[in-house]
Amino acid sequence: MTVPHTSRTSAGSARWRRFATFTVLLTTALAWCRATLYTLNRDEVQAAVAGSPRLSDTNRTFVAEAQDMLQWAWWGFPVLLVVLTAIALVLRVGQFLLIGVSGMVGPALAASGFLFPGTAALQVLAALFFVTLVCSVAATVLPGRPG
């Protein structure tokens, strides 16, 4: 059974698209804020890694280098997220690609930002990034499902 196109369904669809756009932009802003904050507080983060009782001496070097490498992902992943979301919202294709990329890269990035030693602000931003990532993908994908 198909649902007739009415002004009510298109208004709801437009509302969902605005919400999806807002959550993707918020997710992007949070990731870029975290990347900027890490760049500004890199010395404090390196001191937290050096003083962490959870890490052995061999792991300290790895974690410090990993955080520097993950910095590229914190800058680049939001760009990919915006492009995939735009494709999913405008062309109505690629939702599963959006779910797949977001599901594989986003949680790993958020977990690394939250679990690696660092400042409290970086960990809070990583946790907020994960929450907004889940909301943005859901807002992008769910309205397009039949039902």
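Residues numbered from 1 in each chain as written. Predicted model: local features only at pLDDT ≥ 70, side-chain atom pairs only at ≥ 80, totals over all residues. Heavy atoms only, no water.

**Some words on the environment of L30**
Mapped onto the secondary structure, L30 falls in helix 1 (residues 7-40). Apart from the residues within four sequence positions on either side, L30 is in contact with L125, L128, F129 and T132. (Helix = DSSP H or I, 4+ residues; strand = E, 2+ residues; numbered from the N terminus. Contact = heavy atoms within 4.5 Å.)

**A word on the packing of helix 3 (residues 57-90) against helix 5 (residues 120-141)**
At their nearest, the axes of helix 3 and helix 5 sit 11 Å apart, and the two run at 15° to each other. Taken together, the axes of helix 3 and helix 5 lie roughly parallel to each other. Here the hand of the crossing between helix 3 and helix 5 comes out left-handed. Seen from helix 3, the contacting residues are W74, F77, L81, T85, A88 and L89; seen from helix 5, they are A126, F129, L133, S136 and T140. (Axes fitted to C-alpha atoms, helices over the stretch in contact; angles between N-to-C directions. Parallel < 35°, antiparallel > 145°, perpendicular 65-115°, else oblique. Left-handed = near helix turned anticlockwise from the far one by under 90°.)

**Concerning the packing of helix 3 against helix 4 (residues 95-115)**
Put simply, helix 3 and helix 4 touch, their axes get as near as 10 Å, and they point 155° apart. Taken together, the axes of helix 3 and helix 4 lie roughly antiparallel to each other. Along this stretch, helix 3 crosses helix 4, giving a crossing that reads as left-handed. Counting all contacts with helix 3, which are made through L70, A73, W74, F77, L80, L81, L84, T85 and A88, the residues of helix 4 involved are Q95, L97, L98, V101, S102, V105, G106, L109, A110, S112 and G113. Counted by class, the contact of helix 3 with helix 4 contains 14 nonpolar, six polar and no charged residues. (Nonpolar A, V, L, I, M, F, W, Y, C, P; charged D, E, K, R; others polar.)

**As for helix 3**
Residues spaced three or four apart along an α-helix face the same direction, because each turn holds 3.6 residues. Its 34 residues place the ends of helix 3 50 Å apart at the C-alpha level, agreeing with the 50 Å of an ideal helix rising 1.5 Å per residue. The sharpest bend along helix 3 measures roughly 30° and falls at G76, with the proline P78 sitting one to four residues further on. (Expected span 1.5 Å × (residues − 1). Bend = angle between axes of the 7 residues up to and from the residue.)

**Concerning a nonpolar patch on the surface**
There is a patch of nonpolar side chains on the surface, built from W32, W75, V79, V83, I87, V90, L91 and V93 and spanning about 720 Å² of accessible area. The dominant element in the nonpolar patch, judged by the number of residues it contributes, is helix 3, at five residues. By the element assignment, V90 lies in helix 3. (Patch = residues over 30% accessible without salt bridge, like charges linked within 9 Å, V, L, I, M, F, W, Y side chains within 5 Å. Areas by Shrake-Rupley, 256 points an atom, 1.4 Å probe, with all protein chains shown as cover. Salt bridge = Lys/Arg side-chain N within 4 Å of Asp/Glu carboxyl O.)

Shape descriptors only; they carry no functional weight alone.
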